[in-house]
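Now for the letters of each chain:
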Amino acid sequence: RNVCERLRVVNLAVSLGGVESLVEHPASMTHTMIPREQRLAGGLHDGLIRLSVGLERAKDLVEDLKNALDLCDEDGCDLE
C-alpha cells in the first residue's frame with residue numbers, strides 16, 4: 001500500500017469506469033473482508049498491487065511508478 005500512496009499520476013481507487021489509470025491494494029481494499037489465510041492460499045499476497053492502465057502518456061506512468069518504487073526502496077515498505 002505504501003507504493004500506491006506515493007503515486008502522483010496513478011490514482012489509488014477501485015475501478016470507477018473512467019479512462020484514468022488506477023492502482024489498488026486488494027488486501028486492504030477490495031478483499032479486506034477475506035481472512036488473510038484464505039487470501040494467501042488463493043495467491044493474493046499482502047504486497048500485491050493491481051494496476052489498471054488508462055490513457056495517460058506511458059512515459060508519465062512509468063516515471064510515476066518508478067518514483068514510487070524508489071521511494072519505497074529508500075524508506076522501506078510495510079507489507080501489512
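The following paragraphs examine the structure supplied in this document. (Residues numbered from 1 in each chain as written. Predicted model: local features only at pLDDT ≥ 70, side-chain atom pairs only at ≥ 80, totals over all residues. Heavy atoms only, no water.)

## Considering the pattern of salt bridges
Tallied over the entire structure, the rule returns 5 salt bridges. The closest approach of N and O atoms between Glu-24 and Arg-50, which form a salt bridge, is 3.9 Å. Placement of the pair is Glu-24 in strand β2 (residues 22-24) and Arg-50 in strand β3 (residues 50-52), with a sequence separation of 26 residues. Residue Glu-24 is classed as buried on the basis of its relative accessible area of 6%. By relative accessible area, which is 53% here, Arg-50 ends up exposed. Taking the shortest distance from any N to any O, the salt bridge between Asp-46 and Arg-36 comes out at 2.6 Å. Placement of the pair is Asp-46 in the loop between α2 (36-41) and β3 and Arg-36 in helix α2, with a sequence separation of 10 residues. (Salt bridge = Lys/Arg side-chain N within 4 Å of Asp/Glu carboxyl O. Helix = DSSP H or I, 4+ residues; strand = E, 2+ residues; numbered from the N terminus. Buried < 20%, exposed > 50% of the residue type's maximum accessible area, 1.4 Å probe, protein only.)

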